[in-house]
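# Topology and contacts: notes
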Protein chains: 2
Amino acid sequence: MEIESLAKTNGEWLRGSGPEADIVISSRIRLARNLAAFPFPNRASNYQKTEIESLLRGKIQDLELDNKLEYLSLSSLSTLDRLFLVERQLISRELAGTEGPRGVALGPLETLSLMVNEEDHLRLQVMRSGFALTEAWQIINQVDDFLEKKVTYAFCEEFGYLTACPTNVGTGMRASVMLHLPALEFTKQLDKVFRALQRINLTHRGLYGEGSRFSGHFFQISNQVTLGKSEVAILGEIQSVIPQIIQYERQAREAWKSENSKVLQDRISRAYGTLRFATMMTSDETMELLSYVRLGIHLKMIEEVDIHTVNELFIQTQPAHLQKLLGANLDGEERNAARANFLRSRLRNSSDSNN
Amino acid sequence: MEIESLAKTNGEWLRGSGPEADIVISSRIRLARNLAAFPFPNRASNYQKTEIESLLRGKIQDLELDNKLEYLSLSSLSTLDRLFLVERQLISRELAGTEGPRGVALGPLETLSLMVNEEDHLRLQVMRSGFALTEAWQIINQVDDFLEKKVTYAFCEEFGYLTACPTNVGTGMRASVMLHLPALEFTKQLDKVFRALQRINLTHRGLYGEGSRFSGHFFQISNQVTLGKSEVAILGEIQSVIPQIIQYERQAREAWKSENSKVLQDRISRAYGTLRFATMMTSDETMELLSYVRLGIHLKMIEEVDIHTVNELFIQTQPAHLQKLLGANLDGEERNAARANFLRSRLRNSSDSNN
C-alpha cells in the first residue's frame, strides 16, 4: 500500500458525508480481543509476538470481504508513515509508538482497520462517516464473528472477553462518536454537557483520543463501561444521547447566529482571511480557524470555500500528511511555512472555482 | 465648498508623494498670530470674535494666490463636517469643539489652511506631502508677510509674536513632521529615539496632535521651543534630526527583514488578510493593520495592493470620512460594519487590478 496515495484522499473520517454530517464527523467502534493461547502483549516475548502476528495475519487474510485487507508491518514503516496512520485515525498512538512485531490490516476505504499487538493482541476498528453507529456495529460484529470461528479468544463466561487492561473487560468494546461542537464551546455550555455525559458513564476526549488536547472544537464521546452490559445495550445508550447533543449544538448555533450574527460573521470571515493570507501557520491554529470556516459553511455565512475542501484541509494540514503530500521531511518552522503555503494555494483555488 | 468632494481625495497629507515618502508622511508648519487691537479669543466677547472673523476673513480674501481660498464658518457646519476637517488635519480638534464665531479658510489643494478664532485669532498652517519643511516655510512665510502688511499683529520687540498660550510666544511657530515608524516601534527602539529628541527640545505626539493616542505607528515630531530663536534656526534643528530618524527606521526595517523575515512577512500578510475579509472593523485596528500593509509595500513583501490605495484607506476609513463617503450617519457598530465592507470592496478591487 502506498501511503502517498492515501494522503491525497480524506479516508472515511472527515469524508463529510453520512447522517448529521454538519455536526457528527464520524462514528467508530473498536473491539479488544486476545488469543487464549498467548500472554497479553505487555507480557509476551518478542518471539511470542511474532507468532501472534503471524497467526492473526493469516486469519485476517482469510476474511471473506468484498476487498482484501492489506497488512502493514509497523516496524517496516518510517516514523513519518506511522504518524500519518495515527493522524488518519487508522492506528493508535500506542501502536505507532511501541516496539516489537506489530501491524495493522487496512480495508481499501479505510472503514476497517485491525491492529495486531497493540495493548491487546487484536483491536478491531470500524469507522463510518457521520452518525452511523448501527452500520459500524453490523460490520465489526460480522468481522468479529468470522475471526472467532478461526481462533480461540480469551473469554470467560463470568466476565466476557478478557483484555490487557481491566477497563476493557467484558464486551471489549469502545463506541465513539466524533462531534464538531464550536457553538457549544464558544457559548461555554460544553462543561455542562460533559458533566451530564459523565453521570451516564459516557466520557469525552480530544481529536486524537485519550490525553490529547481539544483541537478544532472536535470532541469524541464514548462509553466508559464495558462490563455487565451487552454491546447493543451500550450502543443504545450512546445512540440515545447523541441526538440531544446534536440538538444542543444546533440550538447554540442558531441562537449565536440570531443574537450575535455580526460577531459570528466577523469571526468566520477573519478565520478565512487569515487562512487565505498567513505565511506561517501552526497545526493547532489551522484546526481552530478551519473549525470556524466549517461552521460558517454550515450556517451559510461564507461562500468562498466548499465543505469538501475544508474537510480535506483538516486532515491534509496535519504534520505527517503535509509532509507526505509535499514529499519532503520538514522541521517545525518549515512545516509552518509549508502549511500556510498549502492553505493559501488550496483556498485560492477553491475560491476561484466557487466564484 | 463641498465636503463630500473632499472626501473622495486624499488631500495633501497621505498623498504619499514628496521626499522620503516611505517614512515621512507630511511636513507641517503653523504660525500663531493675534491682532493687536483685540483681546485673545479666550478673553474676547462673541461680538469681538465676530469682528475679528469679519476682519480676518476680508484680509484673507485679498491674498494674492494662484487660487482663491474658500472660507468655511465652523458654526454653520454639522458636527460630522467638523470632525471630517479634523481627520483631514485641516482644522484642530480645538477649533472643531469650541463655540462662537470661528472658521477656516482652505486652499484648493489643502496645502494651506487658516484658522480664525482658534486659541489665537489666526493660525496659519501649511502642509506638504513628504519631508518638505523648507517648501512649507517658503509658502507660509509669504502668506504671513502679506497679512502682516494688512493687519497689525500683537508683537513686542523683546519677545516677538504674542500668543494666547505662553508656550507659543516668540516665533509662534510649530513645525512638525509626521513619520511612519512601524519598525522602530516593533523593535522597541522608539523610547530611545524620543528621549534623544527631548534632550534637543523636540517633542513627539500621535496622529491627531497633543493628547491623541499613537495610532497606526504614526508619530509627529515637532519643536517645543518658540522663544529666543529664529524660525529658520528652529527649522534647521528639526531638519537636521529627521534624516537620522529616517535612517534608524530604515535600518530597523532592513534588520527586521533580514533577521525575522518570515515573522514579518506573516504579520504583513495576515494584516492584509484580515483587512480583506473581516466584516467588523474599528478605526484603531484599521490603522494598525494598514500600517503593516504600508510597510509591506515599501519592503516589497506584498503585491496584492498598491501604496496609493493604502494611503487613501488610512484617511477614508476614519469615522467622518467614511460617513461622508457613504452619505449616511452611522453609529459605532454600523460604522464598524460599513468600514469593514468598504475595506473589503476597495482591497478586492485593488487586488483585481494588481493581478
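Residues numbered from 1 in each chain as written. Chains lettered and ligands numbered in written order. Predicted model: local features only at pLDDT ≥ 70, side-chain atom pairs only at ≥ 80, totals over all residues. Heavy atoms only, no water.

### Some thoughts on the domain arrangement of chain A
Residues and elements named next belong to chain A. Heads up, the rule is: Note that the domain bounds reflect an automated or database-derived domain assignment. Contacts were defined at the residue level, with two residues in contact if any of their heavy atoms lie within 4.5 Å. Once two parts are joined, some of their accessible surface, as seen by a 1.4 Å probe, is lost; buried area is that loss totalled over both. N or O atoms closer than or at 3.5 Å make up a polar contact, with two conditions inside protein: a donor-capable atom paired with an acceptor-capable one, and, for residues adjacent in sequence, both atoms drawn from side chains. Helix and strand labels come from DSSP, where a helix needs a run of H or I of at least four residues and a strand needs a run of E of at least two; each type is numbered from the N terminus. The residue classification treats Ala, Val, Leu, Ile, Met, Phe, Trp, Tyr, Cys and Pro as nonpolar and Asp, Glu, Lys and Arg as charged. All others, Gly included, are polar.
Segmenting chain A into domains produces domain 1 (3–252) and domain 2 (260–354). Relative to domain 2, the C-alpha centre of domain 1 lies at a distance of 27 Å. Contacts between the two partners involve 29 residues from domain 1, matched on the other side by 22 residues from domain 2. Summed over both partners, the interface of domain 1 with domain 2 comes to about 2,300 Å²; 58% of that surface belongs to carbon and sulfur atoms. Applying the counting criterion to the domain 1 and domain 2 interface returns 10 residue pairs in polar contact (both at pLDDT 80 or more). Contributions of two or more residues to the side of domain 1 that touches domain 2 are made by α1 (3–7), α3 (79–87) and α6 (182–186). Looking at the side of domain 1 that touches domain 2 element by element, the count peaks at five residues for α3. For the side of domain 1 that touches domain 2, a count of residues per class yields 14 nonpolar, seven polar and eight charged.

### A short note on helix α13 (residues 332–354) of chain B
All names here are of chain B. Worth spelling out the cut-off: By definition here, a helix of n residues has an expected span of 1.5 Å times n minus one. The rule is simple: take the accessible area with a 1.4 Å probe, protein chains only, and divide by the maximum for that residue type; under 20% is buried, over 50% is exposed, in between is partly exposed.
In this model, α13 (23 residues) spans 32 Å end to end at C-alpha, consistent with the 33 Å of a helix rising 1.5 Å per residue. Listed in full, the buried residues belonging to α13 are Asn336, Ala338, Arg339, Ala340, Phe342, Leu343, Arg346, Leu347, Ser350 and Ser351. In this fold, the buried residues of α13 make contact with α9 (261–277), α10 (283–298), α11 (307–316) and α12 (319–326).

### Side note on the pairing of strand β1 (residues 24–33) of chain B
Residues and elements named next belong to chain B. Formally: Criterion used throughout: strands pair if DSSP finds at least two bridges between them.
Counted residue by residue, β1 has 10 buried out of 10 residues, so it is predominantly covered. Pairing of β1 with strand β8 (residues 173–180) involves seven bridges; the strand directions are antiparallel. When the sheet's bridge partners are listed, Ser26 is paired in β8 with Met178. As paired strands, β1 and strand β5 (residues 122–129) are joined by eight bridges and run antiparallel to one another. Looking across to β5, one finds that Ile29 is bridged to Val126.

### Looking at the sheet that holds strand β10 (residues 218–223) of chain B
Residues and elements named next belong to chain B. Inclusion rule: In this description, a line fitted to the C-alpha atoms serves as the axis of each element, helices being fitted only across the stretch in contact, and the angle between N-to-C directions of two axes falls anywhere from 0 to 180 degrees.
Strands sit in the order β2-β3-β4-β5-β1-β8-β10-β9 across an open sheet of eight strands; the sheet is antiparallel. The open sheet has two edge strands with one neighbour each: β2 (70–73) and β9 (202–205). On average, each strand axis in the sheet is inclined to that of its neighbour by 20°, with strand direction left out of account. Sheet topology note: the strand β3 (residues 103–106)/strand β4 (residues 112–116) ladder contains four bridges and is antiparallel. Within β4, the position partnered with Val104 by the bridge is Met115.

### A short note on the interface of chain A and chain B
Short version of the rule: The term salt bridge refers to a pairing of a side-chain nitrogen on Lys or Arg with a carboxyl oxygen on Asp or Glu at a separation within 4 Å.
Listed per partner, the contact involves 19 residues of chain A and 19 residues of chain B. Summed over both sides, the interface between chain A and chain B buries roughly 1,600 Å², with carbon and sulfur atoms accounting for 51% of that surface. When the buried surface of chain A facing chain B is broken down by residue, Lys262, Arg270 and Phe277 of chain A rank first, second and third, together holding 37% of it. Scanning the region where chain A abuts chain B turns up six salt bridges. Close ionic contact of Glu304 of chain B with Arg348 of chain A constitutes a salt bridge, the shortest N to O distance being 3.8 Å. At 10 residues, the largest contribution of residues to the side of chain A that touches chain B is made by helix α9 (residues 261–277) of chain A. Looking at the side of chain A that touches chain B residue by residue, the class counts come to five nonpolar, five polar and nine charged.

### Re the sheet that holds strand β5 (residues 122–129) of chain A
Residues and elements named next belong to chain A. As summarised here, the arrangement of the eight strands in space is β2-β3-β4-β5-β1-β8-β10-β9, forming an open sheet in which the pairing is antiparallel. Both edges of this open sheet fall to β2 (70–73) and β9 (202–205), since each of them pairs with a single strand only. Here the average twist between neighbouring strands, direction ignored, is 20°. Of the strand pairs in this sheet, strand β4 (residues 112–116) and β5 are connected by five bridges, and their pairing is antiparallel. Note that in β5 the partner of Ser113 across the bridge is Gln125.

### Side note on the nonpolar core
Let me state the cut-off plainly: Nonpolar cores are built from buried Ala, Val, Leu, Ile, Met, Phe, Trp, Tyr and Cys residues. Side-chain atoms within 4.5 Å join them into one set.
Core analysis: the biggest nonpolar cluster contains 172 residues, and Leu114 and Ile242 of chain A together with Leu114 and Ile242 of chain B have the highest contact counts within it. The residues touching Ile242 of chain A, leaving out its near neighbours within four places in the chain, are Phe131, Val177, Leu179 and Ile221 of chain A.

### What to know about the side chain of His217 of chain A
All names here are of chain A. Inspection of the secondary structure puts His217 in the loop between β9 and β10 (218–223). Here the side chain of His217 touches Ser291 through a polar contact of 2.4 Å, side chain to side chain. If sequence neighbours within four positions are ignored, His217 has contacts with Leu179, His180, Leu181, Pro182, Glu185, Glu288, Ser291 and Tyr292.

### Side note on the environment of Thr167 of chain B
Residue and element names in this part refer to chain B. Within the secondary structure, Thr167 is located in the loop between β7 (160–161) and β8. The exposure class of Thr167 is partly exposed, given its relative accessible area of 45%. Expressed as a C-alpha distance, the spacing of Thr167 and Leu227, which sit 60 residues apart in the sequence, is 8.2 Å. In contact with Thr167, not counting residues within four places along its chain, are Gln224 and Thr226.

### Remarks on the relation of the copies chain A and chain B
The condition that has to hold: What sets the superposition is a least-squares fit of C-alpha atoms, and only residues with pLDDT of at least 70 in both copies go into it.
Superposition of chain A onto chain B requires a rotation of 180° combined with a translation of 0.0 Å along the rotation axis, giving an RMSD of 0.0 Å. The transformation relating the two chain copies, once decomposed into turn and shift, fits a two-fold axis. When C-alpha distances to the rotation axis are compared across chain A, the minimum falls at Gly273 of chain A, with a value of 2.2 Å. When the interface residues of chain A are mapped onto chain B, 100% of them again lie at the interface, so the same face is used by both copies.

### Examining the environment of Ala320 of chain A
All names here are of chain A. Structurally, the position occupied by Ala320 is in helix α12 (residues 319–326). Looking at Ala320, the relative accessible area reads 0%, which means it is buried. Put simply, Ala320 and Ala7 are 313 residues apart on the chain and 9.1 Å apart in space, counted from C-alpha to C-alpha. Apart from the residues lying within four places of it in its own chain, the contact partners of Ala320 are Leu80, Leu83, Phe84 and Glu87.

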